[in-house]
Amino acid sequence: MTTLPRRTKSRRTLAATLGLALTAGQAFAADTCPALQASPLLPSDTDACHALLPKMQSPGSVPLAEYEATLDKFLGNFCHRDTAAGWVPDKDVRDTGPFTVSLTDGSGDGEYHGTHAPVVIWYSPEAAQWIRENRSSEAPTEPATPMPAGAILVKEMFPAPAALCAGSDLTHLLPTSGAAVMVRAPEASRDGWFWGWYGWAGWTPDYPADPATNRLPYMGFGQYCTNCHASALDNFTFASPVNMEGEPGTPLAFLSQHRLGASTPAQPHHLNVVLPDADGLRLGEPHYSASAAFIEAYLAGQDMPDRADVPPMPSQTYDTVWAPADAPSDHGMFLTSDQCLGCHDAGSTGLQFDMAIPATGDHAGLLQNNSPYGTWATSPMGLAGRDPIFFAQLASETQSFHAESAAMVEDTCLGCHGIMGQRQFGIDNVAAGDSCGAFGRDMVNATPVSGGIASFGALARDGISCLACHRMELGAEADALNEAASRNACVVERRDLLNPDEDGFARSFTGSFFVAEPKKVFGPFKDVKTAPMEAALGVIPQHSDTIGSSEMCGTCHTVHLPVMEEGKILTRTYEQLTYPEWAFSGYRTGWTVDGDLPFGPGDREQSCQDCHMPSTEADGTPTVSKIASIQEFSNFSAAEFTRAPDKIDLPEREGFARHVLVGLNVFFIKMAQQFPDLLGIRTQDPMLVAKGVDSLIATEQAMLDQAQDHTAQVTLTTPQLSNDTLSTTVTVTNLAGHKLPSGVGFRRAFLSFEVLDTRGRVLWASGATDRLGRIVDGAGAPIAGEEWWTPDCATRIAPEQRVHQPHYQKVTAQSQAQIYQELVSTPAPGAICGHDAEPAGQLTTSFLSICAEVKDNRLPPFGYLPEAKRVEISHALGAGTDMAQDAGFTAVGNDPDYAIPEDGTSAGSDSVSFAVPLAGLASRPASVRARLWYQAIPPYYLQDRFCTAKGVDRDRLALMAGHLNLDGTAAESWKLQLGETANALLPATP
């Protein structure tokens, strides 16, 4: 039986990592310098240093791993301290912010408020000369010339405060906190700098990535350093000649209370960022051995994949694509989220913690990260490019269901889950004079050390990322401007493949939206400060009403796909209709960017964002926050040569939206928590680090809150006893703004109804489950429809019968269960596919084999419109009548809860009666209860993955699912509770 290696949860301290002499709480005297060494630290071989210098000055000319090796040799041998070669140091160790002491019971605790630890900067000859020529005035009257290529600044960092080492011989000081390095390379990136952190202890190269941490890279282009340095007046540097040895003037001075006697302060935030606190550790341990029940149910007679045989997904360390030197340009249309996190993650400056609030409960003492990056990164959107369930599904589609169309299928599916890689791949191909090409699964694995074009892989793995949404431009006017642009040529092809008969907004379904010109990004706020983003990325943020509209979500969450058979397109159908379900509900806003829709807003008007990107507090008041974390003028430690306050001081905004973007897929998030190594992700936020609640924990909590408070209500009538039957009626009310469940068709919810004795023991149950989440009968055997295959995957079980649980209005046996779900079937020879087609093929989980609907009794939302009105709205959106029809219900019989009158709407609920025979009960019943459960990954779906896919993506999912530890969690037994009733007592006598 396969086992997983145990992981040690040790967390190394920064001091231990850097080999520091001081420990927290150690008192110091003003004349003690921990960095002081007996001998000077100077280059021992200046000829070798001179030989390395040209390579050191050219970071964009070689791969990062090769450059870092050069940098290690250069800085490790203190080549930058060669004053004979023209290198110039600062005059002395200097503070970058105040040092304060708090006195408690006669002892002092020191706290440092600098942007970096105390520094000594060493300037290369080119840098020193530029500073003398361009920074001689405190307020230059004209823009500075660009700093020359190859100029280098090495910012050595020492223990705080600077007074500890002030006056020491600079060549005798060991940079105990490493050095921040800047190398000018204007041909390599928009901001024109190579950025990095280097340590004389504790530093390791970024490539190959460390699978124990999957850390943010220590070095590279487009680093988060720009969150502060983009606030510089020009050239991304605050450098001033007054700091340099041999130049007139006095450096800035800051309050320093070191003479009060205080403990050593914590390391500056800058170091915490680049030295992650064991951020690759699991958040919860999986089972050491695979579940025997899991193997018996899903892999009978097969080997459970061994951890050593399942390669992890490429490390998140490799996921960096920065703005090119010619940005804004089509080639730099899409960038990875690490280009945004420096400003749009909480705590990134280390001095201000905007976009974060104090956590409560079990996480008291930490900060809750409400920033756009912090909430998005661990959401299903942020993890979409690493979703093991999606990739196993893709393997089934391309190996078993549609192998003859594998290239088209991969390109189509990755056009959503790996959208930025797929889009940039097509843009670059067209720019080179080629066809769009097909973006394939193997391209997602490309890294700088694996071959292939690493940027496309990094962009794809970054999921539904920042620029996938903030580049989007919708509406007829925008379409007319963007359709002919070469950057959208491949989107036009996609529209012709997927939505050939649609027009208007419907042409954008399945993620087929156009993007605006590359200098534009869109946001919801007006009058934003544009200078930092324009300097760093070459883009100008602009206000857009569209970004707050549900159509932003609807373009991707209306999935219109071909129905494929043997490589041929039979027709097209809707795989998911979450946006139209909302547009037909009582939650609709009644408008799009192109104008009002028929029938106006619903009675409970709310956009998608109102639920999934909340911008109000629990009491309904607007959330107020800054929208970024940058080096401001008025709220920051002083620096020379900054931009003016009106360019960089950020106001607080009402309606700040948290990018939580969650549904109910707790199961995926538990996999990410327990298998970050297999998914190649970090689990600690790279900016807030140990100060914050781990983002995957916050994401799970957001899902649990959604499940508990905003999804469904369950009630039951007073139970009645007759001489031979116990009866009651259970009502489930949908609180969501779309069907429940919604999204991909395999999600399901189901009712459990239990009869209990006086001791709370279950006497009778419908909807009971085993440990794997399979619904079982009174004997513990899976009920009809729970298993599609024999446990060894050798044979489909009666495929021609399409065995499943029908929709019930009355449940009378433990082998019956009310399951709210959508089931579809494949094309049968000679069959006609479409909304009115009779099921003739097999039940299928294939997204591209949906010939006929077998069942759809998912709960309608409140205010759901009748078909005729749905048709009018469909036509107004540019879709056909089939969208309104497919958004209806199938095989619900004459259930009045699904019959919507032409002049009315749905109540958004379903009532099911239960009639329990008393004769078979082991003892007298005392009470009953009902609960509603949700499964994002039902057992039959998992089984179909293991039986129809093979290879790494299938094995990765099997390994994680087989070892996933859900014991004691809200998802125990592979089900999530959405609602329940209290135990209802039975009358004493019939």
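What you are looking at is a predicted structure, and each value in this text was computed from that prediction instead of being measured.

Parameters and conventions
Every chain is numbered independently, its residues counted from 1 as its sequence is written. Local features in this predicted model are restricted to residues whose pLDDT is 70 or higher, and side-chain atom pairs enter the listing and the counts only when it is 80 or higher, whereas totals over whole chains, interfaces and linings include all residues. Values reported for side chains reflect all heavy atoms of the structure, with hydrogen atoms and water molecules removed beforehand. Remark: exposure states derive from per-residue accessible area (1.4 Å probe, protein chains only) relative to the maximum for the residue type, with buried under 20%, exposed over 50%, and partly exposed in between. In this description a helix means any DSSP run of H or I spanning at least four residues, a strand means any run of E spanning at least two, and both kinds are numbered starting from the N terminus. Pairing between strands requires that DSSP locate at least two bridges from one strand to the other. In this description, a disulfide is simply a cysteine sulfur pair whose atoms lie within 2.5 Å. Note that His is not counted, nor are the chain ends; the positive residues are Lys and Arg, and the negative ones are Asp and Glu. Salt bridges, as used here, are contacts in which a Lys or Arg side-chain nitrogen is within 4 Å of a carboxyl oxygen on Asp or Glu. We call two residues contacting when some pair of their heavy atoms lies within 4.5 Å. Reported domain spans reflect what an automatic or database domain assignment gives. The quantity reported as buried area is the accessible area (1.4 Å probe) lost by two parts once they are put together, taken as the sum for both. In this analysis an axis means a line fitted to C-alpha atoms, helices contributing only their contacting stretch, and an angle means the value between N-to-C directions, from 0 to 180 degrees.

Taking every second residue as pointing to the same face, both faces of strand E28 (residues 822-825) are buried, with Glu-822 and Val-824 on one and Leu-823 and Ser-825 on the other. Bridge count for E28 against strand E30 (residues 852-856) is four bridges, and the pairing is antiparallel. Residue pairing for E30: Leu-823 is matched across the bridge by Lys-855. One ladder, built from two bridges, connects E28 with strand E29 (residues 843-844); its direction is antiparallel. Following the sheet pairing, Val-824 is matched in E29 by Thr-844.

This part covers unusual backbone geometry. Residue Pro-161 follows Ala-160 across a cis peptide bond; omega there is -5°. With an omega of 5°, the peptide bond running from Ala-327 to Pro-328 counts as cis. Secondary-structure assignment places Pro-328 in the loop between helix H7 (292-298) and helix H8 (338-344). A positive phi angle, near 50°, is found at Leu-661, a position not held by glycine. Inspection of the secondary structure puts Leu-661 in the loop between strand E18 (653-654) and helix H23 (666-674). Overall, Leu-661 belongs to the buried group, its relative accessible area being 19%.

A word on the pairing of strand E13 (residues 558-565). Of all eight residues in E13, seven are buried; the element is thus mostly enclosed. Counting the residues that bridge the hairpin from E13 to strand E14 (residues 568-577) gives two residues, and of these Glu-566 lies at a positive phi of roughly 50°.

So, about the state of the cysteines. What the rule picks out here adds up to five disulfides. A sulfur-sulfur distance of 2.1 Å marks the disulfide that ties Cys-33 to Cys-165. In this structure, the disulfide formed by Cys-33 and Cys-165 twists by about 90° around the S-S bond and is classed as right-handed. Separated by 132 residues along the polypeptide, Cys-33 in the loop between helix H1 (14-18) and helix H2 (46-56) and Cys-165 in the loop between strand E5 (152-157) and strand E6 (179-184) bring together distant segments of the chain. Note on Cys-165: relative accessible area 0%, which makes it buried. Shown here is the disulfide that connects Cys-436 with Cys-490, its sulfur atoms set 2.1 Å apart. Taking the torsion about the S-S bond as the criterion, the Cys-436 to Cys-490 disulfide, at about -105°, is left-handed. Pair noted here: Cys-436 is in the loop between helix H12 (419-431) and helix H13 (441-444) and Cys-490 is in helix H17 (residues 489-498), with a separation of 54 residues, a long-range link. Sequence-ordered numbering of the bonded cysteines in the protein yields a pairing of 1-4, 2-3, 5-6, 7-10, 8-9. With no disulfide of its own, Cys-225 has Cys-228 as its nearest cysteine by sulfur position, at a separation of 8.7 Å. Since its relative accessible area comes to 13%, Cys-225 is described here as buried. Take Cys-466: it sits in no disulfide, and the sulfur closest to it among the cysteines is that of Cys-340, at 3.8 Å.

For Glu-473, the location among the structural elements is in the loop between helix H15 (466-470) and helix H16 (476-482). No salt bridge is formed by the buried Glu-473. Its closest oppositely charged neighbour is Lys-520, at 4.5 Å. With sequence-adjacent residues up to four places away left out, Glu-473 is seen in contact with Ala-478, Asp-479, Asn-482, Phe-514, Ala-516 and Phe-522.

Our focus in this paragraph is the sheet that holds E30. Spatially, E29-E28-E30 is the arrangement adopted by the three strands of the open sheet, whose pairing is antiparallel. Two strands lie at the open edges of the sheet, namely E29 and E30, each paired on one side alone.

Per the domain assignment, the segments making up the protein are domain 1 (46-272), domain 2 (319-347 + 377-548) and domain 3 (709-985). When each unit is reduced to the centre of its C-alpha atoms, the spacing between domain 1 and domain 2 is 35 Å. Both sides together, the interface formed by domain 1 and domain 2 hides about 1,400 Å², and carbon and sulfur atoms give 61% of it. For domain 1, the biggest contributors to the area lost against domain 2 are Arg-190, Tyr-207 and Phe-221; these three give 39% of the whole.

Turning next to the sheet that holds strand E1 (residues 88-89). The six strands lie next to each other as E1-E4-E5-E6-E7-E8, forming an open sheet whose pairing is antiparallel. In this open sheet, the two strands that pair with only one neighbour each are E1 and strand E8 (219-221). Where E5 and E6 come together, five bridges link them in antiparallel fashion. Residue pairing across strands places Val-154 opposite Val-181, the latter belonging to E6. In the packing of helix H4 (residues 125-134) onto the sheet, the strands contacted are E1, strand E4 (119-123) and E5, and the crossing angle to E4 comes to about 100°.

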